[in-house]
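Survey of secondary and tertiary structure
Below are the chains, spelled out letter by letter.
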Amino acid sequence: MENGAVYNDTTEPEAKAPRRLPFNCTLRNLWGWRLPAKVVQAIFSFVAVVCEEIVEDCSTCSGLYFFEFISCSAFLLSLLILCVYCTDLYESLGKDKVQKL
C-alpha cells in the first residue's frame, strides 16, 4: 500500500512576513505624508533644543526656560509617537488605547 494516496499535504505554505526595516520597524501604520511630517517635526524640535542650549547669557531667563521645556517635550513626544507607530507596539497596545494616549 502506498502512503502517497492516503496522506496528502494538508498544510498551507507559509505566508510571507511583512517587509521589516532595521530595528524591527514597520511603516504600515504611519504612511503617506504622515511619516515625513513626524520626522520633520522631530528634527525641528531637536534643532530647537540645540539652539536653546547654545545660549550662554540671558537677562530674563524665564522665557528661555519655558522654551527649553516646550522644545524638549516636543522632541521627546515626537520620538515617542514615531516609536509607537513604527514598531509592533501599536498592534500590541491596540488602536483604541493608542488613540486615547
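An unreviewed UniProt entry lists the chain under the name CKLF6 protein, with Picathartes gymnocephalus as the source organism.

The next point concerns the overall build of the chain. Along the chain, the regular secondary structure elements total five helices and zero strands. In sequence order, the chain lays out its α and β elements as α-α-α-α-α. Relative to its full complement of 101 residues, the chain shows a buried share of 20%. For the chain, contacts bridging at least 24 residues in sequence account for 62% of all contacts bridging at least 6. On the chain, roughly 8,500 Å² of surface is accessible, and the fraction owed to carbon and sulfur atoms is 65%.

Mapped onto the fold, Ser78 is located in helix α3 (residues 62-85). Once residues within four sequence positions are removed from consideration, Ser78 is found in contact with Gln41, Ala42 and Ser45.

Turning our attention to a nonpolar patch on the surface. Together, Val39, Val40, Ile43, Phe44 and Val47 give the surface a local cluster of nonpolar side chains, amounting to about 440 Å² of exposed area. The topology assignment puts Ile43 in helix α2 (residues 34-54). Take Ile43: its relative accessible area is 48%, and that puts it in the partly exposed class.

Feature annotation in UniProt places "transmembrane region" (unreviewed entry) on residues 64-87, given in this structure's numbering. Helix and strand shares over residues 64-87 are 92% and 0% respectively, and the end C-alpha atoms of the span are 34 Å apart.

Conventions used here
Residues numbered from 1 in each chain as written. Predicted model: local features only at pLDDT ≥ 70, side-chain atom pairs only at ≥ 80, totals over all residues. Heavy atoms only, no water. Helix = DSSP H or I, 4+ residues; strand = E, 2+ residues; numbered from the N terminus. Buried < 20%, exposed > 50% of the residue type's maximum accessible area, 1.4 Å probe, protein only. Contact = heavy atoms within 4.5 Å. Areas by Shrake-Rupley, 256 points an atom, 1.4 Å probe, with all protein chains shown as cover. Patch = residues over 30% accessible without salt bridge, like charges linked within 9 Å, V, L, I, M, F, W, Y side chains within 5 Å. Salt bridge = Lys/Arg side-chain N within 4 Å of Asp/Glu carboxyl O. UniProt positions renumbered as here; feature names shortened; annotations may be inferred.

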